[in-house]
Amino acid sequence: MNLPEALGITNFQIVGDDAALLIAQKWLSVFCNHRTSFHGIRVGKSYLWDEIHSDWQNQEAVAKYEEHFAPSYYLMPDSFGEFKKEIFVTKTKPSGNFKLLDFHVFPKNFAWSMAFTHEDGWIGPKFFKHDNYLQLNKNNIKTCNEISRSQV
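Since this is a predicted model, take the numbers as computed values, not measurements.

### Considering the overall build of the chain
Tallying secondary structure elements over the chain gives four helices and seven strands in all. Ordered by position from the N terminus, the helices and strands of the chain form the series α-β-α-β-α-β-β-β-β-β-α. Computed over C-alpha atoms, the radius of gyration of the chain comes to 15 Å, within 12% of the 15 Å expected from 2.2 N^0.38 for 152 residues, which places it in the range of a compact globule. Considering only C-alpha atoms, the chain reaches an extent of 50 × 30 × 30 Å along its principal axes. The proportion of buried residues among the 152 residues of the chain is 43%. Long-range pairs, those at least 24 residues apart, make up 63% of the contacts in the chain between residues at least 6 apart in sequence.

### Quick word on the sheet that holds strand 6 (residues 112–116)
Across the sheet, seven strands lie side by side as 1-4-3-5-6-7-2; this open sheet has antiparallel pairing. At either end of the open sheet lies a strand with only one pairing partner, and these are strand 1 (13–16) and strand 2 (56–57). One ladder, built from three bridges, connects strand 3 (residues 73–77) with strand 4 (residues 86–90); its direction is antiparallel. The residue bridging Tyr 73 from the neighbouring strand is Thr 90, located in strand 4. Seen against the sheet, helix 2 (residues 17–31) touches strand 1, strand 3, strand 4, strand 5 (103–107), strand 6 and strand 7 (126–129) and runs at an angle of roughly 85° to strand 1.

### Some points on the packing of aromatic side chains
Throughout the structure, instances matching the rule amount to 15 aromatic pairs. Residues Phe 103 and Phe 116 carry aromatic rings whose centres are separated by 4.9 Å and whose planes lie at 25° to one another, so their mutual orientation is stacked. Taken together, the residues Phe 103 in strand 5 and Phe 116 in strand 6 connect sequence positions 13 residues apart. Look at Phe 116 and you get buried, because its relative accessible area is 4%.

### Considering the pairing of strand 3
Buried residues dominate strand 3, accounting for four of its five residues. By the bridge criterion, five bridges tie strand 3 to strand 5 in an arrangement that is antiparallel. Within strand 5, the residue paired with Tyr 74 across the bridge is Phe 106.

### Notes on the pattern of salt bridges
Taken as a whole and assessed by the stated rule, the structure comprises one salt bridge. Between Glu 51 and Arg 35 there is a salt bridge, with its nearest N and O atoms 2.8 Å apart. Placement of the pair is Glu 51 in the loop between helix 2 and strand 2 and Arg 35 in the loop between helix 2 and strand 2, with a sequence separation of 16 residues. Classification of Glu 51 by relative accessible area gives partly exposed; the value is 31%.

### Things to note about the environment of Lys 64
Along the polypeptide, Lys 64 turns up in helix 3 (residues 58–67). Between the C-alpha atom of Lys 64 and that of Arg 149, which follows or precedes it by 85 residues, the distance is 24 Å.

### A closer look at helix 2
Under the 1.5 Å per step criterion, the end-to-end length of helix 2 is 21 Å for 15 residues, consistent within 8% with the ideal 21 Å. What helix 2 keeps buried is the set Ala 20, Ile 23, Ala 24, Trp 27, Leu 28 and Phe 31. Down the axis of helix 2, the sector holding all buried residues measures 140°, keeping them to one side. Residues of helix 2 that are exposed and point over 90 degrees away from its buried face: Asp 18 and Leu 22. Check the buried side of helix 2 and you find it contacts strand 1, strand 3, strand 4, strand 5, strand 6 and strand 7.

### Quick notes on the nonpolar core
Judged by nonpolar contacts, the single largest core of 23 residues is most densely connected at Trp 27, Leu 48, Met 76 and Ile 87. Contributions of two or more residues to this core are made by helix 2, strand 3 and strand 4. If one sorts the elements of this core by residue count, helix 2 sits on top with six residues. Excluding residues that lie within four positions of it along the chain, Met 76 makes contacts with Leu 3, Ala 24, Trp 27, Phe 38, Leu 48, Ile 87, Phe 103, His 104 and Phe 106. Of all hydrophobic cores here, the second largest spans 18 residues; its members include Leu 3, Phe 12, Trp 112 and Phe 127.

Conventions and cut-offs
- The numbers attached to residues start from 1 for each chain and follow its sequence in the written order.
- Only residues with pLDDT of 70 or above have their local features reported here, since the model is predicted, and side-chain atom pairs are shown and tallied only from 80 upward, although totals for entire chains, interfaces and linings are computed over all residues.
- Only heavy atoms go into the side-chain values, all of them from the structure, while hydrogens and water stay out.
- Secondary structure elements follow DSSP: runs of H or I of four or more residues count as helices, runs of E of two or more count as strands, with numbering from the N terminus.
- Values of the radius of gyration come from C-alpha atoms, whereas the globule rule sets the reference at 2.2 Å times the count of residues to the power 0.38.
- Exposure is judged per residue with a 1.4 Å probe applied to protein chains only, and the accessible area is read against the type maximum: over 50% gives exposed, under 20% gives buried, and values in between give partly exposed.
- Two residues form a contact once any of their heavy atoms are found within 4.5 Å.
- A pair of strands is considered paired only if DSSP assigns at least 2 bridges between the two.
- Comment: axis = line fitted to C-alpha atoms, over the contacting stretch for helices; angle = value between 0 and 180 degrees taken between N-to-C directions.
- Note on ring pairs: Phe, Tyr and Trp rings are taken, using the six-membered ring of Trp, and paired if centres are within 6.5 Å. Classes follow the plane angle, with under 30 degrees stacked, over 60 edge-to-face and the rest tilted.
- Just to be clear on terms, a salt bridge is a Lys or Arg side-chain nitrogen sitting within 4 Å of an Asp or Glu carboxyl oxygen.
- Helix span, expected: 1.5 Å multiplied by one less than the number of residues in the helix.
- In this description, the arc belongs to the directions extending from the helix axis to the C-beta atoms.
- Only buried Ala, Val, Leu, Ile, Met, Phe, Trp, Tyr and Cys residues count toward a nonpolar core, and they belong to the same one when joined by side-chain atoms within 4.5 Å.

Following this line, the structure appears as structure tokens:
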């Protein structure tokens with residue numbers, strides 16, 4: 001079972017190999033820029049989310065996350081590249097982390113990112129913003145509004 005299926009998401013696409021690596025590298029440069037690779041991140045031993053400082057954690061992070069929407073989302077396992085280089089694309093924003101998985105959710109324009117953790121409630125989840133958040137999130141809101149109007 002892959003990440004979206006574990007989250008109860010059935011409509012998704014898989015981005016693999018070099019294309020996934022490009023997305024993951026961009027995510028690193030925006031949200032975890034002290035790292036240049038995913039080398040050393042191992043399930044059960046080390047966590048990418050643990051290396052990122054966030055102004056919003058736990059319930060504050062959940063509240064921030066629930067306020068944000070985008071036309072589509074990337075889902076990236078925290079241990080990206082350890083077993084497979086895969087990132088998932090979906091229009092369904094995950095709601096919660098009942099299985100306590102380690103993963104990241106972010107819109108295609110990287111305006112923000114949410115790190116869900118196996119320690120949600122203690123350490124996490126964590127919510128982060130891009131340095132150019134205001135403009136990027138404004139674009140997300142505009143696109144979501146346009147989509148809503150076209151579906152009426």
